[in-house]
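Now for the letters of each chain:
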Amino acid sequence: MFRILRGKDYDDMSRIAANVISAQVTLMPECVLGLATGSSPIGTYSQLIRWHEDGLIDFSGVTSVNLDEYVGLDGSDDQSYRYFMNRHLFDHVNINPKNTYVPNGKAFDTKKECERYDQMIHNLGGIDLQLLGLGNNGHIGFNEPADSFAKGTHQVNLTESTIKANSRFFDKTEDVPTQALTMGIGNILQAGKILIVVNGEGKADIVKKAFFGPITPQVPASILQFHKNVTLVGDEAALSLI
Ligand code: GLP
């Protein structure tokens, strides 16, 4: 099933996406949520925090696994994805911090860390709902355009366009890490449900390519056309071409 849910603007889209996550947690309080960073899901997280504060959503049974992390950044670094997750969600809801997983970007042996991460997802019984953003070049997690689809968690070199896009969060472009650990396309496809959030006119073209264009590793998100349960939530601008 492929659903497209249209929000009027960023707040509306965030509320719709939060509704999907809230339904998942309500129906399955002990679920495993796959979570994402980037600017697109921040509004979704803010809405979930507000509902949590109003007593409408309980994260006590939830486990989370994040898609990716920069290589070389410690979780205490304010640019790390672990820090992002604590700041934008975990610190404000009643999820058990011990049940929140993000790849360790400081691991001495990154190959081992990737294997450990895959094993951990397997031991959890897989991901019930995976939240995704969409990179400007069609990347999901940090699965950049490539000649093939990567299966498991792996280390990647970030493309120039991704480094440039992410430099807006750093003081200097030179500070943007050039490598990351990311779940593979295989990990993402194994999730029971996919929820992808997109906003802004800058995403309109890649949204069309990813969901209505050819399935190719050059547009990593295009593989989602093969998934059985995808919900695309966007604002009017991002969905304007579809
Ligand atoms: C980063 C993240 C992705 C995210 C993408 C888009 O590269 N690794 O998970 O989807 O940025 O970010 P934004 O939502 O800010 O456009």
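Now for a look at the structure at hand. Here the structure is a predicted model, which is why all the values come from computation and not from measurement.

## Points about the pattern of salt bridges
Piece 1. A full pass over the atoms with the stated rule returns six salt bridges.
Piece 2. Where Arg15 meets Asp12, a salt bridge forms, and the shortest distance between an N and an O atom there is 2.6 Å. Here Asp12 and Arg15 lie together in helix 1 (residues 10-27), a separation of three residues that amounts to about one turn.
Piece 3. The salt bridge partner of Lys112 is Asp109, with a shortest N-O separation of 3.9 Å.
Piece 4. Among the charged side chains, a network of salt bridges with common partners joins Lys8, Asp12 and Arg15.

## Examining helix 7 (residues 204-212)
Piece 1. Listing the buried residues of helix 7 in full gives Ala204, Ile206, Val207, Ala210 and Phe211. Axial view of helix 7: buried residues confined to an arc of 165°, hence all on one face.
Piece 2. Contacts from the buried residues of helix 7 go to strand 1 (2-7), strand 9 (193-198) and strand 10 (230-235).

## Thoughts on the site of the ligand
Piece 1. Not every one of the 13 residues close to the ligand is listed here, only the nearest: Ser39, Ser40, His139, Arg168 and Lys203.
Piece 2. In the model, an oxygen atom of the ligand is placed 2.8 Å from a nitrogen or oxygen of the Arg168 side chain.
Piece 3. One of the side-chain N or O atoms of Lys203 is found 2.6 Å from an oxygen atom in the ligand.
Piece 4. Protein coverage of the free-state accessible area of the ligand, which is 390 Å², stands at 94%.

## Quick look at the sheet that holds strand 2 (residues 32-35)
The strands making up a sheet are joined through hydrogen bonds of the backbone, oriented either antiparallel or parallel.
Piece 1. Overall, parallel pairing links the seven strands, which are arranged 1-10-9-6-2-3-5 in an open sheet. Pairing within the sheet leaves two strands with one partner each, and these edge strands are strand 1 and strand 5 (100-101).

What counts, and at which threshold
Residues numbered from 1 in each chain as written. Predicted model: local features only at pLDDT ≥ 70, side-chain atom pairs only at ≥ 80, totals over all residues. Heavy atoms only, no water. Salt bridge = Lys/Arg side-chain N within 4 Å of Asp/Glu carboxyl O. Helix = DSSP H or I, 4+ residues; strand = E, 2+ residues; numbered from the N terminus. Buried < 20%, exposed > 50% of the residue type's maximum accessible area, 1.4 Å probe, protein only. Arc of directions from axis to C-beta. Contact = heavy atoms within 4.5 Å. Near = heavy atom within 4 Å. Polar contact = N/O pair within 3.5 Å; in protein donor to acceptor, adjacent residues only side chain to side chain. Areas by Shrake-Rupley, 256 points an atom, 1.4 Å probe, with all protein chains shown as cover. Pairing = 2+ DSSP bridges.

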